[in-house]
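Per-entry structural report
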Amino acid sequence: MNRSSHKQPWRLWVLLGGLAAATTSQADGLSAVQLLREGGCGGLLPPARPLHHSALLDRAAELWAAGRPPAAAAEHSGYPAETTAGIHISGPESSTIQILRRNDCRTLSDQRLRDIGAYHHGLDTWLVLASPYRVPARSQAPVQASRVLELINEVRARGTRCGERAFGPAPPVRLSGTLASVAYGHATDMAQHNYFEHQDRAGHSPADRVRAVGYAEKLVGENIAYGPKSAEEVVQGWLDSPGHCENIMDSRFAEMGVAYAPGQAAKRGLYWVQLLAAPRV
């Protein structure tokens, strides 16, 4: 059984050219942020490490000034952000530190942030602060799988609506190491060979792959995704898609395996595979 739609990969990262050059006012804004971070906003907060100036975030700040939200601007500039914050300053350069200290201390002192970019026009300066996305280590896979299981069983316990269909509560599913291994194999194959399909390069379906490892199944379903960075994001994406959601809410499924693999080179997102099965008893 394979009722999920795989037309929504949530693909990210579009690289744009034409990076903005730093102006004197832009540099003043950057310096003010660094000064306030290192001093904990005059002792109000713990000191934070200096930020690295990123030309990609300069471009993101320019895109934000043109109307894009900071997170979307960072994405379209080619910066793979995990955390993004934006600060807009309006006023003369002489008041930059006072404005930042009065209005933005908590934002600019965020310990998670690592990089900064700026764009200046007239009396306005746009600052984009961010931390880069780091691919979860393979050692984190069990933690991610447990979190996916928790989220899946929460929604199965309460029931939900998948598009136009309403589903009542369903029994919880349990993790299967065998299904997780099959899911990881398919996620890795897609990541290494740059494709996004339920059918693998040998023409095998999800059910074929499950049977090939000796798992005796009555029913198999598979959800895949490309791009989400966390268990929360991938599960929410599946629940927002009627076909994926129906797989998750199918009360006949009793076991689940889930895995992810990072894309190669410029394909910086994660490939996710969720296998759901009803074992033959």
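The rules we used
Residues numbered from 1 in each chain as written. Predicted model: local features only at pLDDT ≥ 70, side-chain atom pairs only at ≥ 80, totals over all residues. Heavy atoms only, no water. Disulfide = S-S within 2.5 Å. Helix = DSSP H or I, 4+ residues; strand = E, 2+ residues; numbered from the N terminus. Buried < 20%, exposed > 50% of the residue type's maximum accessible area, 1.4 Å probe, protein only. Pairing = 2+ DSSP bridges. Contact = heavy atoms within 4.5 Å. Axes fitted to C-alpha atoms, helices over the stretch in contact; angles between N-to-C directions. Salt bridge = Lys/Arg side-chain N within 4 Å of Asp/Glu carboxyl O.

Turning next to the state of the cysteines. Note on terminology: disulfide describes a covalent bond linking the sulfur atoms of two cysteines. All chains considered together, the criterion is met by two disulfides. Covalent S-S linkage joins C41 and C105, the inter-sulfur distance amounting to 2.0 Å. Its torsion about the S-S bond being -110°, the disulfide of C41 and C105 is classed as left-handed. Of this pair, C41 sits in helix 2 (residues 40–43) while C105 sits in helix 6 (residues 105–108), and the two are 64 residues apart along the sequence. The two residues C41 and C105 agree in class, both being buried.

With that settled, the discussion passes to the sheet that holds strand 4 (residues 124–132). Reading across the sheet, the four strands line up as 1-3-4-2 and stay open at both edges, with mixed pairing between neighbours. Every other strand in the sheet has two partners, leaving strand 1 (52–53) and strand 2 (81–90) as the edge strands with one partner each. Across the face of the sheet, helix 3 (residues 55–65) comes into contact with strand 1, strand 2, strand 3 (115–121) and strand 4 while running at roughly 45° to strand 3. Of the strands in this sheet, strand 2 and strand 4 are in contact with helix 5 (residues 96–103), which crosses strand 2 at around 125°.

The buried fraction of strand 10 (residues 270–279) is high, at 10 of 10 residues. Both faces of strand 10 are covered, namely the face carrying L270, W272, Q274, L276 and A278 and the face carrying Y271, V273, L275, A277 and P279. Where strand 9 (residues 255–262) meets strand 10, eight bridges bridge the pair, whose relative direction is antiparallel. Paired with E255 across the two strands is A277, which belongs to strand 10.

Here we take up the environment of A145. Turning to its location among the elements, A145 is positioned in helix 7 (residues 141–158). Distance from A145 to L175, taken between C-alpha atoms, is 8.2 Å for residues 30 residues apart in sequence. Residues contacting A145, with those up to four places away along its chain left out, are L175, M256 and V258.

All right, on to the pattern of salt bridges then. Scanning all chains against the criterion turns up 12 salt bridges. Between R147 and E150 there is a salt bridge; the shortest N-O distance is 2.8 Å. Residue R147 and its partner E150 are located together in helix 7, separated by three residues, close to a single helical turn. Look at R147 and you get partly exposed, because its relative accessible area is 27%. Owing to a relative accessible area of 39%, E150 belongs among the partly exposed residues under this scheme. By sharing partners, the salt bridges in this structure join R147, E150 and E232 into a single network.

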